[in-house]
Amino acid sequence: MTAIQDTAFARLDAEGRLLNSVLKAPTKKAGRFGFRGDIALKFQAKLADEARPPEISSDQVIAVAEAGSPHISFLTGFLLSFEYVKLLAEVLGDALSPSGVYILFCDNIDISKKYTMDYAGTTFVILPIDEATVYNELLELLYLEKGDLKKLDTAGKTDAIADKAASFKASFPKISYEEGLALMGPVRNLYENRPV
């Protein structure tokens, strides 16, 4: 059984950053640990003992790491703003690998555009997202059939996605972080137009 302490998730877990998990356990593949949930990128100031939601997080994260490796080999997630890629890279730090696959769906990137970006010694694939979930967008990107995954549990689905992502090669235009900041649109308020 792979323990979280033996993987690149150990520090994030110790820092209390792995939230709302639907999976935080060994997967079906020997030596692999999977995480599905949210990663806190910036905490709110704490008052007394109250647990407040993070000020900024990457949501709908699907990620895997192998026991004994200092790196997260695959990670995808939702970011409300492209600007938060820098924060994500800082939080993950040395858990990022030059050979890892990191696919980020940013809410304020033009829906018709797709990019790659070298940052913090690794390459990020930067994609738009429009009202869909990271899971659904990812299946489409990796040409995985939803029907084929239906019979698998969460850990099995995570393995199937990570295995397919390992051979994913993006051929999108390359931008710098600064260019991305100039290209990104306004940050949407997720809570407007919602009944209270």
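Above this text is the structure in question.
Residues numbered from 1 in each chain as written. Predicted model: local features only at pLDDT ≥ 70, side-chain atom pairs only at ≥ 80, totals over all residues. Heavy atoms only, no water.

## Describing the sheet that holds strand β6 (residues 115-119)
Within the open sheet, the seven strands sit side by side as β1-β2-β3-β4-β5-β7-β6. Their pairing is mixed. Of all the strands in the sheet, just β1 (18-26) and β6 have a single pairing partner and so form its edges. Each adjacent strand pair in this sheet contributes to an overall mean axis angle of 20°, direction not counted. Relative to strand β2 (residues 32-42), β1 runs antiparallel, the two being bridged by six bridges. For Lys24, the partnering residue across the bridge sits in β2 and is Phe35. Against the sheet, helix α5 (residues 154-166) touches β1, β2, β3 (56-66), β4 (72-79) and β5 (101-106), its axis set at about 85° to β2. (Pairing = 2+ DSSP bridges. Helix = DSSP H or I, 4+ residues; strand = E, 2+ residues; numbered from the N terminus. Axes fitted to C-alpha atoms, helices over the stretch in contact; angles between N-to-C directions. Contact = heavy atoms within 4.5 Å.)

## What to know about the packing of aromatic side chains
Tallied over the entire structure, the rule returns five aromatic pairs. When the centroid spacing of 6.3 Å and the interplanar angle of 50° are considered together, the rings of Phe9 and Phe35 count as tilted. Here the residue Phe9 occupies a position in the segment before α1 (10-14), and Phe35 occupies one in strand β2, the gap between them amounting to 26 residues. With a relative accessible area of 0%, Phe9 lands in the buried category. Of the residues examined, Phe35 reaches a relative accessible area of 0% and is grouped as buried. Through pairs of rings, three or more aromatic residues link up here, namely Phe9, Phe33 and Phe35. (Phe/Tyr/Trp six-rings, centres within 6.5 Å; stacked < 30°, edge-to-face > 60°. Buried < 20%, exposed > 50% of the residue type's maximum accessible area, 1.4 Å probe, protein only.)

## Brief notes about the environment of Leu127
Note that Leu127 resides in strand β7 (residues 122-128). Look at Leu127 and you get buried, because its relative accessible area is 3%. Spatially, the C-alpha atoms of Leu127 and Asp94 are 23 Å apart, while their sequence positions differ by 33 residues. Residue contacts for Leu127: discarding those within four places in its chain leaves Ile103, Leu104, Phe105, Cys106, Lys114, Leu141 and Phe172.

## A few points about helix α2 (residues 85-92)
Within the span of α2, buried status applies to Val85, Leu88, Ala89, Val91 and Leu92. Buried residues along α2 cover an arc of 165° about the axis, so they all sit on one side. Of the residues one or two after α2, Gly93 is the one with positive phi, at around 50°. (Arc of directions from axis to C-beta.)

## Topic: the pairing of β5
Judged by how many residues are buried, β5 sits mostly within the fold: six of six residues are covered. Of the two faces of β5, both are covered, the one formed by Val101, Ile103 and Phe105 as well as the one formed by Tyr102, Leu104 and Cys106. With six bridges connecting them, β4 and β5 associate as parallel partners. Bridged to Thr76 within β5 is Ile103. Between the parallel pair β4 and β5, the chain is carried across by α2, and the sense of this crossover is right-handed. Bridge count between β5 and β7: five bridges; the pairing is parallel. Residue pairing in the sheet places Tyr102 in a bridge with Phe124 of β7. (Right-handed = clockwise from strand over helix to strand, strands pointing away.)

All quantities given are derived from atomic positions and should not be read as evidence of function.
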